[in-house]
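These are the residues of each chain, in order.
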Amino acid sequence: MADGNPVDAMESDESLSALLPALVARAESVLNAHPRTRGLIASLPHADASPLRIALLGPYSAGKSMLVAALLRLSPAAVDELVDAAPKTHEPTPYPWNGVTLVDLPGTLSGNDEHFRAARRGVRGADALMIVTTSELPGEAETTAILQALDTDGFADRSVVVVNKMNAENNDRDVILEEIRKRLGPFADRVPIVPTDARDYVEAVNNPDLTSAQRDLLLAESGINALTAELQRIIAPGVSAVRPNAQAFELLRVLRDAEQKWVLEGEELHAAETAKKVEEAISQAKASVLSTLGRGSGAVASVIRSAGSKIAASLSEKDDVPTDVARDLASELALVLAEFEFKFSESMRTAFEALVAEYGTDVPEPEAWVNDPDGPEATIDASPDAELRFARAVREGAENAAKAGGRRIREWIEEMAASDSEQGSTASNVATRIIKSRVGQKVLDAGGAVTNGAGKFRPWGRSKGAAKLAGAASKAQWVLTVIGPSLVEWKSVAQDQAERMKLDKRRKMIRRHSEEEALRQQTSLTDAGNRHLSKWIAEVEESLSGSTRQGAEITAEREKALGAIRGLRDEAEKLVRIAPGS
């Protein structure tokens, strides 16, 4: 046999009986792994060469015991003893017959729960079924039970449906049988339907006052001979062929029972639900912050790409990058970074407050987001040997700050960072300019403290906005290390390449480099934000572990066990599909 799933790899000369024992052994190991399922081991099918068992399943008063009497050709006294009880059968009762065992089961739908459970045990231990109903036709509950036996229990090809008491007056045999076929639905063509009247057969066998003609007529119309023929057809393949099929379905039923053992209730259910609820709340908080992080880092990258395009467009062979272009780009970059910080911090705060509202002050507050000048987002980590000549020139220009454009931008940002909040200061002038944009209002106007929402300052708003911008500029100075070279030194780099490149090629190089810088910066911000978020999430999970640990352990244990059980169940289902007649 090939490696892998033995059911999938089954060769044509391998039989169900050869595959089943190994699967049962594996099931025993899985069930034995936990006390919840250990008690089901006794229900697993094992090697059994005893005679085939045909169980009689049907409702109370359908005449199952009388059918047994007819098949066994019992004497009048034995018939009276067999059927003289109400309900007539309390436990599965075996009767030897033609080399097999007929098992008379307690009547279903009798209102006795113990009788119902006994009948189910009898079905699960049977190799074949006689499903007994009457000419009065099965009701909805009985029809459901019949279909379960044929479908879920897997007896469709190992059953005969017996419609007993058919010789009662006013019975239209054809109408009754057609109605039975309708109720069997998709199994009508797979399951033989045999009309019988067991009492007429017993009467024919035991009444000495009947004439030969009367006896022959009763025997012929009783249907017992036809029933005997159908039962013999079912058992003809013998124990070695019929029983593995029955046992494969029983293994499947045991595995389904094992899954039910893991249905949580009471305190366990509450603990698992609590753990799941906390997990979902934390996951939702994390997802909302990550969404903000993705949008914010994307916005920064978009500004860098735009900056490259604008610098490239403003570049000429003779002229330096116009001061106003460089200044506007630096201002735009500082603004978008300030907005990124603001929105990311706000998303963390919103996630924190949502968890506090649900789980109280045990939830730790996240540390403030800080663009650390020494952090990874401020580090240019490319190897000089691996860089293009253009990128290396950018690094050198940034380190030396020797170019006029670089000095102007650096001085401008530093001036804004160091300025006061008085009207006319650099920060105040920038605040006045950017407050006209909606983004600028969002950055400067958290809580409505700075503007009136219409692009105008409140009386005290200009100084507050200038102070906020000055602080943002201080935090954004690290941009000069990371992105400043790309914005500031492109002109000088282009000049370095003037001898061997035309202007359009230099512009393409600038745009390409801005794309690389945009991607690198987006990645750096995303990675740094992820680290910041992950650290806080870990602290939240630890702080709430007291209320989630039990449920998490139960859930993990449950999922592990169910995974193993379901894997076996899938194999068992494949096994029953390859069984003869399936």
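Residues numbered from 1 in each chain as written. Predicted model: local features only at pLDDT ≥ 70, side-chain atom pairs only at ≥ 80, totals over all residues. Heavy atoms only, no water.

Per the secondary structure count, the protein chain includes 23 helices and 6 strands. Put simply, the protein chain has 582 residues, and 46% of those count as buried. Taking all contacts inside the protein chain whose residues are at least 6 apart in sequence as the whole, residues at least 24 apart take part in 76%. Accessible surface, the protein chain as shown: approximately 28,800 Å² in total, 50% of it carbon and sulfur. (Helix = DSSP H or I, 4+ residues; strand = E, 2+ residues; numbered from the N terminus. Buried < 20%, exposed > 50% of the residue type's maximum accessible area, 1.4 Å probe, protein only. Contact = heavy atoms within 4.5 Å. Areas by Shrake-Rupley, 256 points an atom, 1.4 Å probe, with all protein chains shown as cover.)

Attention shifts here to the environment of Leu217. Within the secondary structure, Leu217 is located in helix α9 (residues 212-222). Residue classification places Leu217 among the partly exposed positions, given a relative accessible area of 49%. Put simply, Leu217 and Asp200 are 17 residues apart on the chain and 9.7 Å apart in space, counted from C-alpha to C-alpha.

For the rest of this paragraph, the subject is the sheet that holds strand β3 (residues 100-104). The strand order across the open sheet built from 6 strands is β2-β3-β1-β4-β5-β6, with neighbouring strands paired in mixed fashion. Because the sheet does not close on itself, it has two edges, and the strands there are β2 (93-97) and β6 (193-195). Across this sheet, the average inter-strand angle for adjacent strands is 25°, counted without regard to direction. Two strands pair when backbone bridges link them, and strand β4 (residues 128-134) and strand β5 (residues 159-164) are joined in this way by 6 bridges, in the parallel orientation. Bridge pairing in β5 places Met130 opposite Val160. With respect to the sheet, helix α7 (residues 173-184) is in contact with β4, β5 and β6, its orientation differing from that of β6 by roughly 150°. (Pairing = 2+ DSSP bridges. Axes fitted to C-alpha atoms, helices over the stretch in contact; angles between N-to-C directions.)

Formed by 33 residues in total, the largest nonpolar core has its most connected members in Ile54, Leu67, Leu71, Met130, Leu227 and Leu231. The dominant element in this core, judged by the number of residues it contributes, is helix α3 (residues 64-72), at 6 residues. The residues contacting Leu227, other than those within four sequence positions of it, are Leu67, Leu71, Met130, Val160, Val162, Val194 and Thr196. Of all hydrophobic cores here, the second largest spans 29 residues; its members include Ala285, Ala301, Val363 and Ala528. (Core = buried A, V, L, I, M, F, W, Y, C linked by side-chain atoms within 4.5 Å.)

The next subject is helix α6 (residues 140-150). Within α6 the residues assigned to the buried category are Glu142, Thr143, Ile146, Ala149 and Leu150. Across the axial projection of α6, the buried residues extend over an arc of 125°, all falling on one side. The secondary structure elements touched by the buried residues of α6 are β1 (53-57), β4, β5 and α7. (Arc of directions from axis to C-beta.)

Glancing now at unusual backbone geometry. Positive phi is not limited to glycine here, since Arg73 has a value of about 55°. Mapped onto the fold, Arg73 is located in the loop between α3 and α4 (76-83). For Arg73, a relative accessible area of 51% puts it in the exposed group. Even without being a glycine, Asn98 presents a positive backbone phi close to 50°. As for its placement among the helices and strands, Asn98 is situated in the loop between β2 and β3.

Overall, the coordinates contain 25 salt bridges when judged by the stated rule. With a shortest N-O distance of 3.4 Å, Arg520 and Glu517 are connected by a salt bridge. One end of the pair, Arg520, and the other, Glu517, are both in helix α22 (residues 503-543), 3 residues apart, so they sit about a helical turn from each other. Assessed through its relative accessible area of 22%, Arg520 is described here as partly exposed. (Salt bridge = Lys/Arg side-chain N within 4 Å of Asp/Glu carboxyl O.)

Mean pLDDT for the protein chain: 77, with 69% of residues reaching 70 or above. Every residue in residues 8-13 is under pLDDT 50, and counting partners more than four places away or in other chains gives 6 contacts. When the criterion is pLDDT under 50, residues 474-495 qualifies, and its contacts beyond four places in sequence or with other chains add up to 66 contacts. (pLDDT = per-residue confidence, 0-100.)

Turning our attention to the side chain of Glu250. Examined against the element boundaries, Glu250 turns out to sit in helix α11 (residues 239-261). Classification of Glu250 by relative accessible area gives buried; the value is 8%. Of the polar contacts made by the side chain of Glu250, one reaches the side chain of Arg124; its length is 3.2 Å. What Glu250 contacts, discounting residues up to four positions off in sequence, is Ser43, Pro45 and Arg124. (Polar contact = N/O pair within 3.5 Å; in protein donor to acceptor, adjacent residues only side chain to side chain.)

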